[in-house]
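Listed below are the residues making up each chain.
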Amino acid sequence: MVSPKRQAMIWGVCFILFALMLWFLGETLLPFMLGAAIAYFLDPVADRLEAMGLSRLMSTVLIAFGAVILFVLVMVLIVPAMVGQIGDLVEAFPGLVRSAQEFLITRVPGIDGEDGMLQRGLATVQEHISQVGPELINTALASSLAVVDFVVLLVVAPVVAFYLLLDWDRMVERIDELLPREHAPTIRRLAKDIDRVLAGFVRGQVTVCLILGTFYAIGLTLIGLPYGFLVGMVAGLLSFIPYVGSLTGGILSIGIAVFSFWETPVWIAATVAIFAFGQFFEGNILSPKLIGKSVGLHPVLLILALAVFGSLFGFAGMLVAVPVAAALGVLGRFLVGQYQQSPLYMGRDPYLGD
């Protein structure tokens, strides 16, 4: 029988080897990790289609066909609009800085002199952005390696997702067969808890982000806010990180609204109302219904995981950050429960009595 100490050493070595593999092969593994994430996200859809009488193959083909249609619609309708607004924003940024400077000096007399710190700071920002902004965009677009990596990601990740989705249930069964028999029930229970956290958070949060991004983009565009579509989509997508999306989108949109609609404050109020309603709708309806309150993935743990794994392993690390955060949360609660049943906590052996 393998002792607990030796088991801990073996699994610790496996974890270190996995971290090293992620460190050295992170960018290479990115399409495969993204494909696995997509397959995990879509597995419940395939299961429901199977329950309706379709085979796993037909369910996977139907999902793939729907994903292709959705991808084409996004590329045709949404991406050009966002790219166009990003280009317009970069070109208009120097003018926006000048407008902000004139606005502050005009509306708040005495805030800064003609040669004061505010004017010099805004002028420096304007000059830097006007020089660096277009250069960064041109460099990113002209980089052949980046283009190749992006094409590989677009091609490989969907193919990986298709085959993983097709064989998902068989892979889960095979992994279950390989679990150490002594600890299999405990591992299954922990895996179900982790899956519950991921299913509740990731799938629910992605849906919330899409709904919020669409609402903000449409709402800000309808009131005529400059770059409203871009700001709205960014705010919705960044909502995946707790508080970041609402703060970023709210500050950007309200700031743009103040400079653009100063003479008509009703539209400033409309911008504030859109974000206020979005936050109310998310906090009271979307998140409770789609994510639930029993997820147990603390926002601080999520932000820490995204920051650490993103810094260490790049974008590939950010893909595994949420599963790792979910696993750490579940394992942490499990270890606390074990500790509270141990002699170290009780002061006595619970199996021997007082």
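Look up: the structure comes first, before these words.
Every chain begins its residue count from 1, and numbering advances along the sequence as written. This being a predicted model, a pLDDT of at least 70 is required before a residue's local features are given, and a value of 80 or more before pairs of side-chain atoms are given or counted; all residues contribute to the totals for chains, interfaces and linings. With hydrogens and water set aside, each side-chain value is computed from the structure's full complement of heavy atoms.

**Q** Could you clarify how one ought to interpret the packing of helix α6 (residues 184-222) against helix α7 (residues 228-237) in this entry?
**A** Two numbers describe a pair of packed helices, the interaxial angle and the distance between the axes. All axes here are fitted lines through C-alpha atoms, helices being fitted over the stretch that makes contact, and every angle between N-to-C directions spans 0 to 180 degrees. Helical segments are the DSSP runs of H or I of at least four residues, strand segments are the runs of E of at least two, and each set is numbered from the N terminus. Running from N to C, α6 and α7 cross one another at 160°; their axes reach a closest spacing of 7 Å. In this view, α6 runs roughly antiparallel relative to α7, as classed from their interaxial angle. The hand of the α6/α7 crossing is right-handed. Contact with α6, carried on its side by Cys 209, Leu 212, Gly 213, Thr 214, Tyr 216, Ala 217, Leu 220 and Thr 221, involves Gly 228, Phe 229, Val 231, Gly 232, Met 233, Ala 235, Gly 236 and Leu 237 of α7 and no other residues of that element. In terms of residue class, the contact of α6 with α7 is built from 10 nonpolar, six polar and no charged. Our angle categories are set so that under 35 degrees counts as roughly parallel, over 145 as roughly antiparallel, 65 to 115 as roughly perpendicular, and the remainder as oblique. Rotating anticlockwise by less than a right angle from the far helix to the near helix defines a left-handed crossing, while the corresponding clockwise rotation defines a right-handed one. Any two residues whose heavy atoms approach within 4.5 Å are treated as being in contact. Each residue receives one of three labels: charged for Asp, Glu, Lys and Arg, nonpolar for Ala, Val, Leu, Ile, Met, Phe, Trp, Tyr, Cys and Pro, and polar for the others, Gly being one of them.

**Q** Even after reading the chapter, I still don't get the packing of aromatic side chains, so can you show me in this structure?
**A** Each aromatic ring pair is specified by the distance between its two centres and by the angle formed by the two planes. Ring geometry is summarised as follows: Phe, Tyr and Trp rings, the Trp one being its six-membered ring, pair when their centres sit within 6.5 Å, and such pairs are stacked at plane angles under 30 degrees, edge-to-face over 60 and tilted between the two. Overall, the coordinates contain six aromatic pairs when judged by the stated rule. Ring geometry for Tyr 40 versus Trp 168: centroids 6.1 Å apart, planes at 50°, classification tilted. You can see Tyr 40 sitting in helix α1 (residues 4-51) and its partner Trp 168 sitting in helix α5 (residues 168-177), a full 128 residues away along the chain. Using a 1.4 Å probe on the protein chains alone, a residue whose accessible area is under 20% of its type maximum counts as buried, one over 50% counts as exposed, and one in between counts as partly exposed. The exposure class of Tyr 40 is buried, given its relative accessible area of 16%. Among the residues examined, Trp 168 registers a relative accessible area of 17% and is labelled buried. Judged by centre distance (5.5 Å) and plane angle (90°), the rings of Phe 162 and Tyr 163 are edge-to-face.

**Q** Hey, could you run me through the pattern of salt bridges in this one?
**A** Opposite charge on two side chains permits them to pair, given that their charged atoms come into close proximity. Each salt bridge in this description consists of a side-chain nitrogen of Lys or Arg and a carboxyl oxygen of Asp or Glu lying within 4 Å of one another. Counting across every chain of the model gives seven salt bridges. The salt bridge involving Asp 47 is made with Arg 56; its shortest N-O contact spans 2.9 Å. Put simply, Arg 174 and Glu 177 hold a salt bridge, and the shortest N to O gap is 3.1 Å. Taken together, the residues span about one helical turn, with Arg 174 and Glu 177 both in helix α5 at a distance of three residues. The class of Arg 174 is partly exposed, set by a relative accessible area of 47%. Judged by relative accessible area, which is 52%, Glu 177 ranks as exposed.

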